[in-house]
Amino acid sequence: GQSLEQPSEVTAVEGAIVQINCTYQTSGFYGLSWYQQHDGGAPTFLSYNGLDGLEETGRFSSFLSRSDSYGYLLLQELQMKDSASYFCAVPRLGQNFVFGPGTRLSVLP
Amino acid sequence: NAGVTQTPKFRVLKTGQSMTLLCAQDMNHEYMYWYRQDPGMGLRLIHYSVGEGTTAKGEVPDGYNVSRLKKQNFLLGLESAAPSQTSVYFCASSSSRDRSGANVLTFGAGSRLTVL
């Protein structure tokens, strides 16, 4: 089966850098995705890593190490609007996904 | 450009009642999904569909049924609601992988269901 682990909460101040980790156990691996969800909102896609290394999209970067079954989301120059929950997710055969339990990020002024 | 639309947004049911949640997408996506979200448990897949007329079970299918009679619609039914089905339900859709290899899910706004 598949399982993903993330820290439940992370707190940081505006302007700082924060890293949210995700470890996974899967039978077959097809990449790691990250989603953001604000309170009361829907999850929205942030990034995807199919291969090892770093993917950068503006202030957000995502990293994957397939040999370590590990990835992380890096948020730079934190803003108050980045306060949200962040989920890692892995696709499976059959076009469905398994999500991690989510990490709640609180950005303090 | 509506994306993924879910109805209703809120519903309160009594134990044993039935209801149907409707999901509609206008992006011509092949794949559609129903997830439920409970505090501290992330998103759990209930059922999904890889195309019109096909459905498959996810992680937590018990107590739910689905139908995909039209490509753009995916219905989630509760035949006899139970308090354990109190949750926020999200529908999502996706197409085939994009150029980066990603298979991006587009979510609806969610349907909050309370079963008393």
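Let me begin by describing the structure that accompanies this report. What you see is a predicted model, and the numbers here were worked out from it, not measured in a lab.

Structural notes on the overall build of chain A
Each helix and strand counted, chain A has 0 helices and 11 strands in total. Sequence-ordered secondary structure for chain A, helices as α and strands as β, is β-β-β-β-β-β-β-β-β-β-β. Along the longest, intermediate and shortest principal axes, the C-alpha atoms of chain A span 40 × 30 × 20 Å. Burial analysis of chain A (109 residues in total) assigns 48% to the buried set. Accessible surface, chain A: about 5000 Å² in total, of which carbon and sulfur atoms supply 49%.

Looking at the sheet that holds strand β1 (residues 4-7) of chain B
Residue and element names in this part refer to chain B. Taken together, the 4 strands give an open sheet; going across it, the order is β1-β3-β8-β7, and neighbouring strands pair in antiparallel fashion. The open sheet has two edge strands with one neighbour each: β1 and β7 (64-67). Looking at each pair of strands side by side, their axes are set apart by 20 degrees on average, direction ignored.

A closer look at unusual backbone geometry
Across the junction of threonine 7 of chain B and proline 8 of chain B, the peptide omega takes the value -5 degrees, indicating a cis bond. Structurally, proline 8 of chain B can be placed in the loop between β1 and β2 (10-13). Non-glycine residue glutamate 77 of chain A carries a positive phi angle of around 45 degrees. The class of glutamate 77 of chain A is exposed, set by a relative accessible area of 53%. Its identity as a non-glycine residue notwithstanding, asparagine 28 of chain B has a phi of 60 degrees, on the positive side. Here asparagine 28 of chain B shows up in the loop between β3 (19-25) and β4 (31-37). Assessed through its relative accessible area of 57%, asparagine 28 of chain B is described here as exposed.

Focus: the pairing of β1 of chain B
Residues and elements named next belong to chain B. Burial of the side chains of β1 is restricted to one face: Val4 and Gln6 are buried, whereas none of Thr5 and Thr7 on the reverse face is. Inspection of the sheet shows β1 paired to β3 by 4 bridges, in the antiparallel sense. Each residue of the ladder has a partner; that of valine 4, found in β3, is glutamine 25.

So, the layout of surface pockets
Of the pockets and cavities examined, the largest pocket occupies roughly 590 Å³. For the largest pocket, the lining is made up of 29 residues, of which Gln37, Asp39 and Gly40 of chain A together with Gln37 and Pro39 of chain B are closest to its centre. Elements supplying a minimum of two residues to the lining of the largest pocket: β9 (84-92) and β11 (103-108) of chain A together with β9 (87-94) and β11 (111-115) of chain B. Ranked by the residues each element gives to the lining of the largest pocket, the list is headed by β9 of chain B, at 3 residues. Looking at the lining of the largest pocket, its residues break down into 8 nonpolar, 15 polar and 6 charged.

Quick notes on the interface of chain B and chain A
Reports of interface size often rely on the accessible area that becomes lost once the parts have come together. Across the contact, 25 residues belong to chain B and 18 residues belong to chain A. The interface formed by chain B and chain A holds 0 salt bridges in total. If you list the elements that add at least two residues to the side of chain B that touches chain A, you get β4, β5 (43-49) and β9 of chain B. Of all the elements, β4 of chain B adds the most residues to the side of chain B that touches chain A, at 4 residues.

Cut-offs and rules
Residues numbered from 1 in each chain as written. Chains lettered and ligands numbered in written order. Predicted model: local features only at pLDDT ≥ 70, side-chain atom pairs only at ≥ 80, totals over all residues. Heavy atoms only, no water. Helix = DSSP H or I, 4+ residues; strand = E, 2+ residues; numbered from the N terminus. Buried < 20%, exposed > 50% of the residue type's maximum accessible area, 1.4 Å probe, protein only. Areas by Shrake-Rupley, 256 points an atom, 1.4 Å probe, with all protein chains shown as cover. Pairing = 2+ DSSP bridges. Axes fitted to C-alpha atoms, helices over the stretch in contact; angles between N-to-C directions. 1 Å grid on protein atoms, 1.4 Å probe; cavity = no way out; pocket = protein on both sides within 12 Å on 5 of 7 lines; lining within 4 Å. Points joined across faces, edges and corners; volume = space filled by probe spheres on them. Nonpolar A, V, L, I, M, F, W, Y, C, P; charged D, E, K, R; others polar. Contact = heavy atoms within 4.5 Å. Salt bridge = Lys/Arg side-chain N within 4 Å of Asp/Glu carboxyl O.

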